[in-house]
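Remarks on the overall topology
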Amino acid sequence: MNYPFASRMNKIPRSFVREILKVTEHPDIISFAGGLPNPHSFPVDAIKDATSKVLTEEGEKVLQYSTTEGYGPLRELIAERYALQNLKVDADDILITNGSQQCLDLVGKVFLNPDDGVVMERPTYLAAIQAFGLYEPQFYSVPLMDDGVDTRALENLLSTEKIKLFYSVSSFQNPTGITYSRDKRKEVAEILTEHDTVLVEDNPYGDIRFMGEDIPPIKSYLPDSILFGTFSKIVSPGMRMGWIVAPPRSWKNSSLPNRLQIFIPTTSPRG
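Report on the accompanying structure. Please read all numbers here as calculations on a predicted model, not as lab measurements. (Residues numbered from 1 in each chain as written. Predicted model: local features only at pLDDT ≥ 70, side-chain atom pairs only at ≥ 80, totals over all residues. Heavy atoms only, no water.)

This part covers the sheet that holds strand β1 (residues 94–97). Spatial ordering of the open sheet is given by β1-β8-β7-β6-β5-β2-β3-β4, a layout of eight strands whose pairing is mixed. At either end of the open sheet lies a strand with only one pairing partner, and these are β1 and β4 (148–149). Two elements, strand β2 (residues 117–122) and strand β3 (residues 138–145), share six bridges in a ladder whose sense is parallel. Residue pairing in the sheet places valine 119 in a bridge with tyrosine 140 of β3. Against the sheet, helix α4 (residues 99–111) contacts β1, β5 (163–169), β6 (198–202), β7 (226–230) and β8 (242–245), and its axis sits at roughly 155° relative to β7. (Pairing = 2+ DSSP bridges. Helix = DSSP H or I, 4+ residues; strand = E, 2+ residues; numbered from the N terminus. Contact = heavy atoms within 4.5 Å. Axes fitted to C-alpha atoms, helices over the stretch in contact; angles between N-to-C directions.)

This is the structure in structure tokens:
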């Protein structure tokens, strides 16, 4: 049978990440191509104890359908972690996702029409290109410097092209490893304030700093931006649990409802 695939599927290449991860199945290979944590660091016993405690104390609740925003106490815990960075985030601004990859897909689904402008860092995270690529945007790129994106190039691009999203990995960027300086984060926020471009800030690595000063996300200077987080790098990739922090109000000139409602499916879950 010839399946009637959507026309956009003809434009999608094979998954870069899948091909990278295939190599890791060989026991004699140590791959530096993907952001794989050292498995010896996984807190297996702690996760086992935590899982047992949750199932013993809250089993009937956590195994049942819940709201699509995600488990309330978990969202509150994430909000409290942001408070340690002096970033004010309400639990109601957080949506639990199936890892950061679902964050990328949801943002693409909500914002992107074919040929919409998306700015990516050069180089950037391969899976982000593929996730956004499903929605057929027009990609643009700006080069990275030692302390973050080239803000002159970014400002010039935003001034000359119609750009809907700017995707950035601001801490320990994948694949370069660079981290935006505090001054560069402020400068990016100031530039985006002058344009109708939404910052999508991906921060899977910010919590695993081993030296130097912790720097708040760009979102701390740009409240209307979107921020991703994940437990994949700080606990275990196999848990596939991440989250979106969305702004506490809808964007300018938007008829969409406030807060996370734009990301939440309108249909009820099915068994």
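This is not the end of the story, as more comes after the structure.
Turning our eyes to something else, we now look at the side chain of arginine 185. As for its placement among the helices and strands, arginine 185 is situated in helix α7 (residues 182–193). Glutamate 201 provides the closest opposite charge to the buried, salt-bridge-free arginine 185, at an N-O distance of 4.3 Å. With residues up to four places along the chain from it excluded, the contact list for arginine 185 reads Ser170, Ser171, Thr179, Tyr180, Glu201, Ile215, Pro216, Pro217, Ile218 and Tyr221. (Buried < 20%, exposed > 50% of the residue type's maximum accessible area, 1.4 Å probe, protein only. Lys, Arg positive; Asp, Glu negative; His and termini not counted. Salt bridge = Lys/Arg side-chain N within 4 Å of Asp/Glu carboxyl O.)

Looking now at the nonpolar core. Judged by nonpolar contacts, the single largest core of 22 residues is most densely connected at Val107, Phe132, Leu165, Tyr167 and Phe228. When residues of this core are traced back to their parent elements, those giving at least two are α4, β2, α5 (126–133), β5, β6 and β7. When residues in this core are grouped by element, the largest group, five residues, is from α4. When neighbours within four sequence positions are excluded, leucine 165 is seen to be in contact with Val107, Phe111, Leu112, Gly117, Val118, Val119, Thr197, Val198 and Val200. With 18 residues, the next largest nonpolar core counts Val142, Leu157, Ile218 and Leu222 among its residues. (Core = buried A, V, L, I, M, F, W, Y, C linked by side-chain atoms within 4.5 Å.)

Moving on: the pattern of salt bridges. Going through the model one piece at a time under the given rule, you end up with eight salt bridges. A salt bridge links lysine 61 to glutamate 58; its shortest N-O distance comes to 3.6 Å. Pair noted here: lysine 61 and glutamate 58 are both in helix α2 (residues 44–62), with a separation of three residues, about one helical turn. Using a relative accessible area of 30% as the deciding quantity, one classes glutamate 58 as partly exposed. In this structure, glutamate 213 and arginine 182 form a salt bridge, with 2.5 Å as the shortest nitrogen-oxygen distance. Linking glutamate 213 in the loop between β6 and β7 with arginine 182 in helix α7, this pair joins segments that are 31 residues apart in sequence.

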